[in-house]
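Spelled out from the first residue to the last, the chains are:
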Amino acid sequence: MPLHEEVSALMRAVAAEVVMPRFRGLAEHEVAIKSAGEIVTVADREAELRLHDGLMALGLGARVLGEEAVEEDPALLDGVGEGLVWLVDPLDGTANFAAGRAPFGMMIALVENGSTVAGWMLDPLSGRLCHAVRGMGATCDGAVVRARPTGAIRPRAALGTHFLPSDRRARVHAQADLHLDVVPVPRCAAASYPRLVRGEDDVALFQRILPWDHAAGALFVTEAGGMVTHWDGSPWRVGGPGRGVLAAATPRLWERAADVLLSPAAGLVERDRLAA
């Protein structure tokens with residue numbers, strides 16, 4: 001990716017100059033509620049502005065869509081699956097960050113007509129940078145990586161179901177507990193996707209499909225040999241009609257997880273089809 005060094009340097013600079021100085025140092029007025037169950041900090045907003053300007057300066061002619069800008073003007077998402085677009089999550093895992101705990105991260109993806117061309121995920125605490133380019137593999141801190149399972153008898157699954165209604169969430173977890181080792185979710189997609197490649201988790205389920213949460217991570221896992229789809233089994237893509245995300249370290253683990261989580265007993269796909 002010709003712009004890899006430029007994007008990486010931009011992310012590291014914004015993390016060092018905007019994000020990390022506020023970690024465990026936020027004043028009360030620097031944290032606000034933006035929607036039910038969601039908060040935003042001054043670090044989110046300032047980091048997004050810096051990243052926006054830096055990406056625009058690269059001169060690709062791509063639109064830059066950031067999470068906080070879309071929060072202010074949802075119409076910006078119109079046509080997100082068309083043309084060349086930079087997707088920016090300036091501070092993924094904001095609740096963790098505001099509480100003074102890990103993990104949290106920064107994610108950028110370059111998307112062309114709904115397909116992710118390249119993605120970057122930075123852990124500001126460790127400095128770890130995960131990167132992938134479509135058709136060219138995945139790297140972590142410059143070293144080529146391949147996804148590896150945990151090796152557990154029961155696949156380790158992090159289920160992002162906290163936005164589901166309580167009765168539906170209970171149904172999914174009851175089914176999962178019969179076949180999977182359900183582990184706590186990190187509440188940070190920038191950590192969830194690398195965990196699938198690094199042998200820490202085998203499966204990740206997401207209900208929400210905000211594009212900046214998944215574009216970089218889905219490409220990273222896929223290029224490392226894993227599998228990422230919507231709940232109906234269609235390939236994950238930006239701006240597509242698919243619902244939810246199921247990701248796994250290998251295609252075989254995806255199949256095992258799909259048999260459990262996307263079965264009629266779990267109720268995810270069944271109800272979504274009825275609502276479609």
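Everything discussed here concerns the structure shown above.
Because the structure is predicted, anything quoted here is derived from the model rather than measured.

Cut-offs used in this document
- Residues numbered from 1 in each chain as written.
- Predicted model: local features only at pLDDT ≥ 70, side-chain atom pairs only at ≥ 80, totals over all residues.
- Heavy atoms only, no water.
- Pairing = 2+ DSSP bridges.
- Helix = DSSP H or I, 4+ residues; strand = E, 2+ residues; numbered from the N terminus.
- Polar contact = N/O pair within 3.5 Å; in protein donor to acceptor, adjacent residues only side chain to side chain.
- Contact = heavy atoms within 4.5 Å.
- Buried < 20%, exposed > 50% of the residue type's maximum accessible area, 1.4 Å probe, protein only.
- Phe/Tyr/Trp six-rings, centres within 6.5 Å; stacked < 30°, edge-to-face > 60°.
- Patch = residues over 30% accessible without salt bridge, like charges linked within 9 Å, V, L, I, M, F, W, Y side chains within 5 Å.
- Areas by Shrake-Rupley, 256 points an atom, 1.4 Å probe, with all protein chains shown as cover.
- Salt bridge = Lys/Arg side-chain N within 4 Å of Asp/Glu carboxyl O.
- Lys, Arg positive; Asp, Glu negative; His and termini not counted.
- Charge placed at Lys NZ, Arg CZ, Asp CG, Glu CD.

1. Focus on the pairing of strand β2 (residues 38–41)
- Two elements, strand β1 (residues 31–35) and β2, share four bridges in a ladder whose sense is antiparallel. Paired with A32 across the strands is V40, a residue of β2.
- What sits between the antiparallel neighbours β1 and β2 is a turn of two residues, in which G37 has the positive phi angle 75°.

2. Remarks on the side chain of H214
- Structurally, the position occupied by H214 is in helix α7 (residues 211–223).
- In terms of polar contacts, H214 uses its side chain to reach the backbone carbonyl oxygen of R208, at 2.8 Å.
- With residues near it in sequence (within four places) discarded, H214 still touches Y193, F206, R208, I209, W236 and V245.

3. What about helix α6 (residues 189–197)?
- Of all nine residues making up α6, nine are buried, and the element is well covered by its neighbours.
- Note on α6: the residue one or two positions beyond its end, G199, has a positive phi of about 80°.

4. Focus: the environment of R237
- Within the secondary structure, R237 sits in the loop between β13 (227–229) and β14 (245–248).
- By relative accessible area, R237 is classed as partly exposed at 37%.
- Along the primary structure R237 and V182 are separated by 55 residues, whereas in three dimensions their C-alpha atoms are 26 Å apart.
- In contact with R237, not counting residues within four places along its chain, are N113, G114, S115 and H230.

5. Notes on the pairing of strand β4 (residues 84–92)
- Along β4, eight of the nine residues are buried, which leaves the element largely enclosed by surrounding structure.
- Judged from the four bridges that link them, strand β3 (residues 63–66) and β4 form a sheet pairing that is parallel. When the sheet's bridge partners are listed, L65 is paired in β4 with L87.
- Examined bridge by bridge, β4 and strand β5 (residues 105–112) share seven bridges and lie antiparallel to one another. Pairing of W86 across the sheet is with L110, part of β5.

6. Quick word on the packing of aromatic side chains
- In this structure the tally under the stated criterion is five aromatic pairs.
- Ring centres of F97 and F104 lie 5.0 Å apart, and the angle between their planes is 80°; this geometry places the pair in the edge-to-face category. Accessibility assignment for this pair places F97 and F104 in one class, buried.
- Their ring planes at 20° and their centres at 5.2 Å tell us that Y193 and F206 sit as a pair that is stacked. Taken together, the residues Y193 in helix α6 and F206 in strand β12 (residues 203–206) connect sequence positions 13 residues apart. Across the pair, exposure class does not vary: Y193 and F206 are buried alike.

7. A word on a negative patch on the surface
- On the surface, a cluster of negative charge is made up of E71, E72, D73 and D78.
- For D73, a relative accessible area of 36% puts it in the partly exposed group.

These figures come from the coordinates and say nothing about function on their own.
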